Structures are given as structure tokens and as C-alpha cells.
Amino acid sequence: MSTYDKIKEIEAEMAKTQKNKATAYHLGTLKAKLAKLRRELIAPPKSGGGAGEGFDVAGTGVARVGFVGFPSVGKSTLMSKMTGTFSEVSEVEFTTLTTVPGVLQYKGAKIQILDLPGIIEGAKDGKGRGRQVIAVARTCSLIFLVLDVLKPLTHKAVIERELESVGIRLNKQPPNIVFRKKDKGGINMTSTVPLTHLDKDVVKSILGEYRISSADVSIRCDATADDLIDVIEGNRVYIPAVYVLNKIDQISIEELDLIYKIPHAVPVSAHHEWNFDELLEKMWDYLNLVRIYTKPKGQLPDYAAPVVLKRDKASVLDFCNAIHRAILKEFAYGLVWGTSVKHNPQKVGKEHVLLDEDVVSIVKKK
């Protein structure tokens, strides 16, 4: 029996199993089996032609945004208008057959935009180019789920299910679970919050499926069986996502008001270039980037070419490394103007964390 058939068999069994306390042990085991089988699909084939023609895209810029969606929802038009990169556009499904890269300049940052081939239901099982599309999607800093505004929720549910099944978690944080395998001592489980989905028997059943008989499991959130499996597997990627609801020129104002109630959504019209400003602002916000301006000694700050850093890696040390690693050898201290300091300028060390639009001048050792 192929991996796909085994997955279908387990999914069918899970669908007909009622969810209650009595079946939690059985469902936990089935979910662990399913995760192990899906891992085989996520892993690239050991032989053959690698990622496939058009899918090996070199990374450029400070971040990578992937356009994912069903065929002919307007991904190519949207990308063409945003970046000036031409990706073949037509009303026919599956026009884009390879990954088309483009670059968007926004707030001084160079952001790589990838127009991925249309995803279809069953992509995780290798239908169409689904497996390669998903492999590239896993490398993105942000995913734009481009949806047709006339059927957004149906498409949204299908794509989320496809991405979820191959280890991509959208708009989620990694579960607060610490898992450590041991050579002996059995299963030691502790929790700092009341658990409504897991107990020691369910945890043991999941670990048993992975042939783990000794481990420390510390649960610091109201975790589910899926959360525990994600931590054990260790190959999940947590990616922010924006739902881009295209073709709003075809709906009424009342319908548009309803669309705005969908979390993480931005309605646009790629054809008329409506609401691009909000989309770009949301992209910047979700990418979590900061701009740091350089100020050479005795000169005005260079506002034209900021150094762009991730918000969680924006220390003076990161700033120096982004310019050139050799700077650190001569680094004495930094002078900072902006919201991260109390005085302007303020003398800081390498560990100081910078905020958006700070100005930094590096003073070298004498």
C-alpha cells in the first residue's frame, strides 16, 4: 500500500471515530501515525531531479513573500502590478507552471516576491506540482493566500488544510512544550496549566507510536495532541499569513464590509490596483521588520538606504554584522538617536536593541 493510501485510510478512520475522553487515546495514536506518514511526503525524494525545473529559487532581499492560491485567482496580475515582474496571465487554470520570482522595494527594503503555481486540493498528495509548491512555501517569511472574493471561505479552508498537513502553521506560535528524550526513567510529564485535551495516557500513546519509552515532557499551555506531535516531529514551520481577497470590483459595499471581518484579511482589486497601500502596510507589519539609518561621523543620516533587520534580531551587533562583520573588530561604542534611547544621542554597547527608524553612528576604537 502506498503512503497516500495509508494516509487516506487513517483519515477515514479518524473521521468515523467520535471525539470524547474514551477515544482520546486511540485518536492520539492515529494522529501520530498520520504525522509520521506525512513526514515522508514533506521530505524531498532521495533520488531524481531534485526540486524540479523552476522551483530552485535563489533567495534575494531581506524577506521572501510567497503568493499561494488556487489557479486563476489573480496571483500573477497582483504580482505584475506590485513588482513589475511579468508572470503569464490568463483566465485559464494552471497558467503559471514554475515559480516566478520578483523583487519589491518597500520602505527601503528589498523583498523577494514569489508567484507560486496554483495550488489545488490534494497538492499534499503530489497532485499537480503541489509538493514542489509546498516545499518553496515552507521557505517563505510571509505567505499571501490569494483568494477569489466570490468564494473566499471555501478556498481558504482547502488551502489551510493542505498547508497544515505538510507542517506549515499559519499565524500561529510554536506550542510552549519542552520535550527531551532520555535513555531511561520512563515518561515524566509535568504541566503548569490545567490541561483539557491531554492526559498522561494520551501522551504515552503518542510517544509509544514514536517508540519513545523515556522522556521529559513539560507542558506550559493548554496543548492538544496535534501540538505535542508538532513538537516531537520538530519539522514544523510557523509562518505569518495575509489573506488577500482579490476581485473586490465584482462585489457590493455591503459584501465588502463583511469581508473586512475576516481576520488577517485585506480586500484588493489587482486589476484596478485598489487598496494596495493597505496590503503593503500589512505585509510590512507581518514581516516584523525595522529600518535603521546609518550616520557617518560628521555627516547627515542616510535616509535613502536603511539597514533593514528583523525586529527580534535588531541589536547594535546585528546592525554591524548586516553592514560588514569587520566593523565589530574596530567597534568602541555606538551613538543612537531615536525611540530606543532616553537621550539623543545616547552612547550604547553592542547589546543595545534598536527600534524602527533609529539613527546609528558607529564610533571606532582609536
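Residues numbered from 1 in each chain as written. Predicted model: local features only at pLDDT ≥ 70, side-chain atom pairs only at ≥ 80, totals over all residues. Heavy atoms only, no water.

**Let's talk about the overall build of the protein**
Then comes step 1: Looking only at helices and strands, the protein features eleven helices and 16 strands.
Then comes step 2: Taking all 366 residues of the protein together, 47% fall into the buried category.
Then comes step 3: Within the protein, contacts between residues separated by at least 24 positions form 65% of all contacts whose residues are at least 6 apart in sequence.
Then comes step 4: Per element, the accessible surface of the protein, about 19,300 Å² overall, is 52% carbon and sulfur. (Helix = DSSP H or I, 4+ residues; strand = E, 2+ residues; numbered from the N terminus. Buried < 20%, exposed > 50% of the residue type's maximum accessible area, 1.4 Å probe, protein only. Contact = heavy atoms within 4.5 Å. Areas by Shrake-Rupley, 256 points an atom, 1.4 Å probe, with all protein chains shown as cover.)

**Re the packing of aromatic side chains**
Then comes step 1: Under the defined criterion, the tally for this structure stands at three aromatic pairs.
Then comes step 2: Note on Tyr-293 and Tyr-303: the rings are 4.8 Å apart at their centroids and 70° apart in plane angle, and the pair reads as edge-to-face. Taken as a pair, Tyr-293 in strand E12 (residues 289–294) and Tyr-303 in strand E13 (residues 302–310) lie far apart in primary sequence, ten residues in all.
Then comes step 3: The exposure class assigned to Tyr-293 is buried, which follows from its relative accessible area of 7%.
Then comes step 4: Taking relative accessible area as the criterion, Tyr-303 reaches 53% and is therefore assigned exposed.
Then comes step 5: Residue placement shows Lys-36 over the ring face of Tyr-210; its charged tip is 5.8 Å from the ring centre.
Then comes step 6: For the cation-ring pair, Lys-156 lies above Tyr-243, with the distance from its terminal atom to the ring centre recorded as 4.8 Å. (Phe/Tyr/Trp six-rings, centres within 6.5 Å; stacked < 30°, edge-to-face > 60°. Lys NZ or Arg CZ within 6 Å of the ring centre and 35° of its normal.)

**Details of the sheet that holds strand E7 (residues 187–191)**
Then comes step 1: If you trace the three strands from one edge of the open sheet to the other, you get E6-E8-E7, paired in mixed fashion. Pairing within the sheet leaves two strands with one partner each, and these edge strands are strand E6 (177–181) and E7. Adjacent strand axes in the sheet meet at a mean angle of 5°, parallel and antiparallel pairs treated alike.
Then comes step 2: Judged from the five bridges that link them, E6 and strand E8 (residues 215–219) form a sheet pairing that is antiparallel. In the strand pairing of E8, Ile-177 is matched with Ile-219.
Then comes step 3: Sitting on the sheet, helix H6 (residues 200–209) is in contact with E6, E7 and E8, with an inclination near 130° to E7.
Then comes step 4: Along the sheet, helix H7 (residues 225–233) contacts E6 and E8; its crossing angle with E6, the most-contacted strand, is approximately 50°. (Pairing = 2+ DSSP bridges. Axes fitted to C-alpha atoms, helices over the stretch in contact; angles between N-to-C directions.)

**Some details on helix H9 (residues 276–287)**
Then comes step 1: For H9, which comprises twelve residues, the first-to-last C-alpha distance of 16 Å matches the rise-based estimate of 16 Å (1.5 Å per residue) to within 8%.
Then comes step 2: The complete set of buried residues in H9 reads Phe-276, Leu-279, Leu-280, Met-283, Trp-284, Tyr-286 and Leu-287.
Then comes step 3: Asn-288 occupies a position one or two residues after H9 and carries a positive phi of about 60°. (Expected span 1.5 Å × (residues − 1).)

**As for the sheet that holds strand E16 (residues 358–364)**
Then comes step 1: Pairing is mixed in the open sheet, where five strands are placed in the order E13-E12-E16-E14-E15. Two strands in the sheet have a free side with no partner beyond their single neighbour: E13 and strand E15 (346–348). Taken over all neighbouring pairs, the strand axes of this sheet differ in orientation by 40° on average, direction set aside.
Then comes step 2: Of the pairings in the sheet, the one linking strand E14 (residues 331–337) to E16 comprises six bridges and is antiparallel in character. By the bridge assignment, Phe-331 is partnered in E16 with Lys-364.
Then comes step 3: Sheet strands in contact with helix H10 (residues 316–323) are E12, E13, E14, E15 and E16, and its direction is about 115° off that of E13.

**Quick word on the packing of helix H3 (residues 75–83) against H9**
Then comes step 1: Following both chains from N to C, one finds H3 and H9 inclined at 85°, their axes separated by 12 Å at the closest point. Classified by the interaxial angle, the pair formed by H3 and H9 is roughly perpendicular. Here Leu-78, Lys-81 and Met-82 of H3 come into contact with H9, specifically with Phe-276, Leu-279 and Leu-280.
Then comes step 2: When the residues that make up the contact of H3 with H9 are grouped by side-chain class, the tally is five nonpolar, no polar and one charged. (Parallel < 35°, antiparallel > 145°, perpendicular 65-115°, else oblique. Nonpolar A, V, L, I, M, F, W, Y, C, P; charged D, E, K, R; others polar.)

**So, the pairing of E12**
Then comes step 1: Counting buried positions over the six residues of E12 gives six, a clear majority of the element.
Then comes step 2: With burial as the criterion, each face of E12 is covered, one bearing Leu-289, Arg-291 and Tyr-293 and the other bearing Val-290, Ile-292 and Thr-294.

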